[in-house]
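Chain residues, written in single-letter form:
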Amino acid sequence: MATRLLLSMPLHAITEVYGEQGLRERFLLEVDAFPPGETAQLRAALELAGTLHAGDRRVREPYLNHLLRVAIRIVKYYGVRDVDVLTAALLHDAVEDHPAELGGLDPAGHTHSELTEAAIAELARRFNPRVAELVRSVTNPEYDPDRDRHEQYREHVASNLERDPWARVIKVSDFTDNGVGVVHTTADKAYSSATKYRPLVPKLRELVGRPDTPLSVEAKDHILDQLDLAEERFAAILDD
């Protein structure tokens, strides 16, 4: 596929036309000018993400598509060239979804906490402690079955993003893919996503606007516009 065309296309257009391979190529084009050691780290993260999520689907597409869009958005639209942040973006669901495989433990013989800690330790070993802690910050905890899951999710996100400004960058790209991208899924999934994510919009607006959020004014303005668009789409789904 033509490089200039691929670099000019919206991420969901690449997804629809070229699929996972197109998103892989777009990501590698975005980081091609990084120092060789950083490019090697990102390729290793992409390979690991591809292995862990090989059998996962995101409704109509391979799960890796979501991870690639989250990482591409951060480097392309947020202007972030921090290799650890991009590595964590590619692996932001690895601990939550595949702790046993990542940590090399038998899930039958270990608690959720033990599996999580083993997976975090493996990320620190393969990459570095900063990558591991960034992934920890965006990994959902084990939920209390007696409480509403969506409420617990929002509490967890707000708490972790309060203390970790770089995790905000990963989470807001993840949220954009789920929120603005809500029109690219099935009707049932769109409704459940809108219900889950809509109450989080005001908190994300506030966090993005904070002085310690490590993004340019232009990137923050872009994200705030995307949050507005997500809110419009949530309203269209839930208030119709």
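Small disclaimer: the values here were computed from a predicted structure and weren't measured. (Residues numbered from 1 in each chain as written. Predicted model: local features only at pLDDT ≥ 70, side-chain atom pairs only at ≥ 80, totals over all residues. Heavy atoms only, no water.)

**With respect to the overall build of the protein**
Test applied: Secondary structure counts use DSSP, requiring at least four H or I residues in a row for a helix and at least two E residues in a row for a strand, with both numbered from the N terminus. Radius of gyration: C-alpha atoms only; globule rule: 2.2 Å multiplied by the number of residues to the exponent 0.38. Accessible area is worked out with a 1.4 Å probe on protein chains only. A residue is then buried under 20% of its type maximum, exposed over 50%, and partly exposed in between. We call two residues contacting when some pair of their heavy atoms lies within 4.5 Å. All accessibility values rest on the Shrake-Rupley procedure with a 1.4 Å probe; residue burial counts only the protein chains present in the view.
Secondary structure assignment for the protein yields 14 helices and two strands. Scaling as 2.2 N^0.38, a compact globule of 240 residues should have a C-alpha radius of gyration of about 18 Å, and the protein matches this with 17 Å. Projected onto the principal axes, the alpha-carbon positions of the protein cover approximately 50 × 45 × 40 Å. Per-residue burial over the protein gives 50% buried out of 240 residues. Across the protein, every contact between residues at least 6 apart in sequence was considered, and the portion connecting residues at least 24 apart equals 66%. Only carbon and sulfur atoms are counted for the fraction: they give 51% of the accessible area of the protein, which is about 11100 Å².

**Some remarks on the nonpolar core**
We apply this condition: Residues grouped as a nonpolar core are buried Ala, Val, Leu, Ile, Met, Phe, Trp, Tyr and Cys residues, joined through side-chain atoms within 4.5 Å.
If you look at the biggest cluster of nonpolar residues, it comprises 69 residues, and the most contacted ones within it are F27, I74, Y78, L91, L123 and F175. Broken down by element, this core gets its largest block of residues, nine residues, from helix α4 (residues 63-76). Beyond its immediate chain neighbours, meaning those up to four positions away, F175 contacts V180, Y197, L200, V201, L204, L227, A230 and F234.

**A look at the pattern of salt bridges**
Two side chains that carry opposite charge are able to pair once their charged atoms sit near each other. Spelled out, the test is: Salt bridge criterion: a side-chain nitrogen from Lys or Arg within 4 Å of a carboxyl oxygen from Asp or Glu.
All chains considered together, the criterion is met by 25 salt bridges. Its salt-bridge partner being R126, residue E122 comes within 2.8 Å of it at the nearest N-O pair. Remark: R126 and E122 occur in helix α8 (residues 112-126); sequence separation between them is four residues, near one turn of the helix. The exposure class of E122 is buried, given its relative accessible area of 14%. With relative accessibility at 44%, the residue R126 sits in the partly exposed group. Two residues, R198 and E231, come together in a salt bridge whose shortest N-O distance is 3.1 Å. On the criterion of sequence distance, the pair formed by R198 in the loop between α12 (187-197) and α13 (201-208) and E231 in helix α14 (residues 217-238) is long-range, its members being 33 residues apart. By relative accessible area, which is 23% here, R198 ends up partly exposed. According to the relative accessible area criterion, E231 is partly exposed, its value standing at 22%. Salt bridges linked by common partners bring R58, E61, R69, R73 and D177 together as one network.

**Focus: the environment of L224**
Mapped onto the fold, L224 is located in helix α14. Put simply, L224 and D106 are 118 residues apart on the chain and 43 Å apart in space, counted from C-alpha to C-alpha. What L224 contacts, discounting residues up to four positions off in sequence, is R205 and V208.

**Quick notes on unusual backbone geometry**
Residues other than glycine seldom take positive phi values, yet V59 does so here, at roughly 60°. Topologically, V59 is positioned in the loop between β1 (57-58) and β2 (61-62). For V59, a relative accessible area of 40% puts it in the partly exposed group.

**Focus on helix α10 (residues 149-163)**
Where we set the bar: Multiplying 1.5 Å by the residue count of a helix minus one yields the expected span of that helix. Contacts described as polar in this section are N or O atom pairs within 3.5 Å, which, within protein, must combine one atom able to donate a hydrogen with one able to accept it, while residues neighboring in sequence count only if both atoms come from side chains.
Taking 1.5 Å per residue as the helical rise, α10 with its 15 residues ought to reach 21 Å, and the 22 Å between its terminal C-alpha atoms agrees with that figure. Among the residues making up α10, those that are buried are Q152, Y153, H156, V157, A158, N160 and L161. Buried residues belonging to α10 abut α9 (129-137), α11 (165-179), α12 and α13. Its side-chain oxygen 3.1 Å from the backbone nitrogen of H150, D148 forms the N-cap of α10.

**Digging into α9**
Taken together, the buried positions of α9 are V131, A132, L134, V135 and S137. Buried residues belonging to α9 abut α3 (36-52), α5 (83-90), α6 (94-97), α8, α10 and α11.

**Details of the side chain of R69**
Mapped onto the fold, R69 is located in helix α4. Residue classification places R69 among the buried residues on the basis of a relative accessible area of 0%. Apart from residues no more than four positions distant in its own chain, R69 is found in contact with L11, H12, T15, L23, R58, E61, S173 and D177.

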